[in-house]
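So you can see what is in the structure, the chains are spelled out below.
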Amino acid sequence: LGGPHIYTVGQQVEVWSNGQRVWGRGRVEKVDGGKVTAEFSLPRGGIAKKELPAGHRDLRPASSPATWSDEEKAAYQRWFDLIPGGSAEAKPGSAIAKFLNKSGLQRPALKQLWQVANSGCKVDLGFE
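I will try to describe carefully the structure that is included in this document.

Definitions and limits used
- Residue numbers run consecutively from 1 along every chain, following the written order of its sequence.
- Only residues with pLDDT of at least 70 are given local features in this predicted model, and only at 80 or more are side-chain atom pairs given and counted; all residues enter the totals for whole chains, interfaces and linings.
- The side-chain values count all of the structure's non-hydrogen atoms but skip hydrogen atoms and water molecules.
- Each patch is assembled from residues with relative accessible area greater than 30% and no salt bridge, linking like charges that lie within 9 Å and nonpolar side chains (Val, Leu, Ile, Met, Phe, Trp, Tyr) that lie within 5 Å.
- Computed with the Shrake-Rupley method and a 1.4 Å probe, the accessible areas treat only the protein chains shown as cover for residues.
- The salt bridge criterion pairs a side-chain nitrogen of Lys or Arg with a carboxyl oxygen of Asp or Glu, the two atoms within 4 Å.
- Every helix listed is a DSSP run of H or I at least four residues long, and every strand listed is a run of E at least two residues long, numbered separately from the N terminus.
- Whether a residue is buried, partly exposed or exposed follows from its accessible area with a 1.4 Å probe, protein chains only, as a fraction of its type maximum: under 20%, in between, or over 50%, in that order.
- Here the nonpolar core consists of buried residues drawn from Ala, Val, Leu, Ile, Met, Phe, Trp, Tyr and Cys, with membership extended through side-chain atoms lying within 4.5 Å.
- By the convention used here, residues are in contact when the closest approach between their heavy atoms is within 4.5 Å.

1. Points about a nonpolar patch on the surface
- Together, Trp68, Tyr76, Trp79, Leu82 and Phe99 make up an exposed nonpolar region whose accessible area comes to about 510 Å².
- Tracing the sequence through the fold places Trp68 in the loop between strand S5 (59-61) and helix H1 (70-82).

Structure (structure tokens):
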């Protein structure tokens, strides 16, 4: 309990990009003492690499997928299917963003939601 997270090579992480002001999803490439080197994705497909102390605020373990009840999953699938464009498997990120804008959430909450939902900065997003 407490203390810095212990990272391992290959572990999925999220790294904050100061220049892009967004969390990027990536993997740990190297752990050397208390330093972690991670490569991560940026918006529009760019790749970056950072070396940070294990306890740094700009480095965190990647969030794990949500566990939904059957009822929740069915409701979310119905909403996903209502989003125009794309296919049954993937929808354009821009269409998903427009759909989420209709939710009534405040802009800061939408921004956080989008950083989690599309941490890899993909153009199209699947249901899962």
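2. Here's the deal with the pattern of salt bridges
- Scanning the model with the defined rule gives three salt bridges in all.
- With a shortest N-O distance of 2.6 Å, Glu14 and Arg60 are connected by a salt bridge. Of this pair, Glu14 sits in strand S1 (residues 12-17) while Arg60 is found in strand S5, placing the two residues 46 residues apart along the sequence.
- A relative accessible area of 3% means that Glu14 is categorised as buried.
- Looking at Arg60, the relative accessible area reads 28%, which means it is partly exposed.
- Several salt bridges converge on common partners, so that one network encompasses Glu14, Arg25 and Arg60.

3. Things to note about the nonpolar core
- Judged by nonpolar contacts, Tyr7, Val13, Val15, Val28, Val36, Ala38, Phe40, Leu42, Ala48, Leu52, Ala54 and Leu59 together constitute the single largest core of 12 residues.
- Sorting elements by how many residues they give to this core places strand S3 (residues 35-41) first, with three residues.
- Once you skip the residues sitting within four places of it in the chain, Leu42 turns out to touch Ser17, Gln20, Ile47, Ala48 and Cys121.
- Counting residues in each nonpolar core, the second largest holds six residues, with Phe80, Ile96, Leu125 and Phe127 among its members.

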